[in-house]
Amino acid sequence: MLKKILTAKHRGFCAGVERAVEMVEKSLIKYGSPVYVRHEIVHNKFVVNNLKKKGVVFVDSLDEIPKGSKQPVIFSAHGVAKRVIEKAKNYNLLYYDAICPLVSKIHKEILQLEEKDYQIIMIGHEGHPEVEGTAGQLQDIGNLTLVQNIEDVEKLYFPSNQNLAYITQTTLSVLDTKEIVDALKLKFPSILEPKKSDICYATSNRQESVQEMAKKVEAIFVIGAFNSSNSIRLVETAKRFGCKHSELIENIDDFDYSNLSQYNEIGLTASASAPEEQLDLFINRVKNLFSIEVLDHYEDENIIFKVPNYLN
């Protein structure tokens, strides 16, 4: 019978996600509906559906926005390729870029590397919006090579006089990325690395919190989304550190809470793109079934990315 829920020390919205969602909500206040958002503002169905109810229209392409529209379009926290910005200008659209400042930092890095004739190796997941947006900053896409694992590193070949540098997606597994970086350094000893890790503080903190919980509980539940890299990495981290039952919950309404009776103590977290509200609702529903103690050791990360003044 379930007796305790241990919540992660670091969990829920990161500063970049908070900023992106706030930009959409302030645009609704300033311009009224509809406000258009290209792709999901963040990878979380609860957030997306909540914004839809308020009058946000999500589009996969700028071509879906009516010609001559004076309503704003917002680009997601993951960042977009330069060609998307150019297309918005050509269509005379009012656009706002909600790119996370930590992703924007990588965009600046990659442009500087290209200017210095570096071949850039990016560690990331093929098809992820952040990877596509980062690659789309380059004048020549051939200047970037994507690697997803150590096997990809083993297949790499570059001339001995080629300047090499690597960057990473912000939402990767810290440990998996270290293994890939070590393989790159072994194969290319002179490869240039970022001055500071590209994996964001929120991703690192949430993975560390799950590592701590995995040693103490019988099961860990991650509130997040199946298309969210940072959510999936938390499930993987829990399993890696000994918590064999680690499960991603995308919709807390579909979860069978009675199954929790098989555990005495579980761990609970919310990914960087999942609102704290979902975690609180999960706990309240568990309390309706079980008499439990909630052990909460929340620590504020004290990081804020301000919304641009033009939306205030």
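Our subject is the structure listed above.
Novice: I tried to follow the environment of Ile141 on my own but got confused; where do I start?
Specialist: Note on placement: Ile141 falls in the loop between α5 (129–135) and β7 (144–147). Distance in space between the C-alpha atoms of Ile141 and Ile120 is 9.9 Å, their sequence separation being 21 residues.

Novice: Help me understand the sheet that holds strand β6 (residues 119–123), please; the structure alone is not making it clear to me.
Specialist: The strands that make up a sheet are held in pairs by hydrogen bonds between backbone atoms, and each pair lies either parallel or antiparallel. Here we have three strands laid out as an open sheet, ordered β7-β6-β8, and parallel in their pairing. Two strands in the sheet have a free side with no partner beyond their single neighbour: β7 and β8 (164–168). With strand direction ignored, the average angle separating the axes of adjacent strands in the sheet is 25 degrees. Examined bridge by bridge, β6 and β7 share four bridges and lie parallel to one another. Counted as the bridge partner of Ile121 is Thr145 from β7. Each of β6, β7 and β8 is contacted by helix α4 (residues 101–115), which is oriented at about 170 degrees to β8, the strand it contacts most. Packed on one face of the sheet, helix α7 (residues 174–187) meets β6, β7 and β8 and runs near 155 degrees to β6.

Novice: Explanation requested: unusual backbone geometry in the structure shown.
Specialist: Backbone geometry follows two general trends: most residues other than glycine have a negative phi, and most peptide bonds adopt the trans configuration. Of note, the amide linkage connecting Ser33 to Pro34 takes the cis form, showing an omega dihedral of 0 degrees. Along the chain, Pro34 falls in the loop between α1 (15–31) and β2 (35–38). Positive phi is not limited to glycine here, since Asn92 has a value of about 55 degrees. Within the element layout of this structure, Asn92 appears in the loop between α3 (82–90) and β5 (95–97). Backbone geometry places Asn302, a non-glycine residue, at a positive phi of 55 degrees. Position of Asn302 relative to the elements: it lies in the segment after β12 (293–296).

Novice: Please clarify how the sheet that holds strand β11 (residues 265–270) should be interpreted in this entry.
Specialist: If you trace the five strands from one edge of the open sheet to the other, you get β10-β9-β11-β1-β12, paired in parallel fashion. Every other strand in the sheet has two partners, leaving β10 (245–249) and β12 as the edge strands with one partner each. Going from strand to strand, the sheet's axes swing by 20 degrees on average, the running direction of each strand aside. Here four bridges tie strand β1 (residues 4–7) to β11, and the two strands are oriented parallel to one another.

Criteria and cut-off values
- Residues numbered from 1 in each chain as written.
- Predicted model: local features only at pLDDT ≥ 70, side-chain atom pairs only at ≥ 80, totals over all residues.
- Heavy atoms only, no water.
- Helix = DSSP H or I, 4+ residues; strand = E, 2+ residues; numbered from the N terminus.
- Pairing = 2+ DSSP bridges.
- Axes fitted to C-alpha atoms, helices over the stretch in contact; angles between N-to-C directions.
- Contact = heavy atoms within 4.5 Å.

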